[in-house]
Amino acid sequence: QVQLVESGGGLVQPGGSLRLSCVPSRSIYSFKAMGWYRQAPGKQRELVAGITRDGITNYADSVKGRFTISRDNAKNTAYLQMNSLKPEDTAVYSCNAESLFSGSTYWGQGTQVSVSS
């Protein structure tokens, strides 16, 4: 069973920054794509950002220009750099990975991001 371990969440003031990390329990090369999703209270889970094995990225319109997804193959880690955070970014952020071989998807346990003054 593949595990995705997230870290980096916390409480930050509006305009601040956080960087989330996601470390899979097997090689990052074995995933077709990885992504970050978020779910705020009372709302549906939404895709925030995704990155393919080839490094192609996509973002939700609400975070374009503020968030950056990346992957460091040497460190076997995917990141979500979040700048200019807004209160509406408050949510539980979860890492997702799609297996290159089986197509199975895996989820991390989620990390809370709270933006408040």
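Preceding this paragraph is the structure being described.
Calculation rules
Residues numbered from 1 in each chain as written. Predicted model: local features only at pLDDT ≥ 70, side-chain atom pairs only at ≥ 80, totals over all residues. Heavy atoms only, no water. Disulfide = S-S within 2.5 Å. Helix = DSSP H or I, 4+ residues; strand = E, 2+ residues; numbered from the N terminus. Buried < 20%, exposed > 50% of the residue type's maximum accessible area, 1.4 Å probe, protein only. Salt bridge = Lys/Arg side-chain N within 4 Å of Asp/Glu carboxyl O.

**Student:** Describe the state of the cysteines, and please don't skip the residues or the numbers.
**Tutor:** Evaluated as defined, the whole model comprises one disulfide. Across a sulfur-sulfur distance of 2.1 Å, Cys22 and Cys95 are joined as a disulfide pair. With the S-S bond torsion at -80°, the cross-link from Cys22 to Cys95 turns out left-handed. Of the two residues, Cys22 sits in strand β3 (residues 18–24) while Cys95 sits in strand β9 (residues 91–99), which places them 73 residues apart along the sequence. Overall, Cys22 belongs to the buried group, its relative accessible area being 0%. Under the relative-accessibility criterion, Cys95 is labelled buried at 1%.

**Student:** How would you summarise the pattern of salt bridges if you had to cite specific residues and measurements?
**Tutor:** This model, assessed by the stated rule, comprises four salt bridges. Notably, a salt bridge pairs Arg38 with Glu46, separated by 2.7 Å at the nearest N-O pair. A salt bridge links Arg66 to Asp89; the nearest nitrogen and oxygen atoms lie 2.8 Å apart. Of the two residues, Arg66 is situated in the loop between β6 (57–59) and β7 (67–72) and Asp89 in the loop between β8 (77–82) and β9; the sequence distance between them amounts to 23 residues. Residue Arg66 shares its accessibility class with Asp89, and that shared class is buried. Each member of the salt-bridge network shares a partner with another, and the members are Arg38, Glu46, Arg66 and Asp89.

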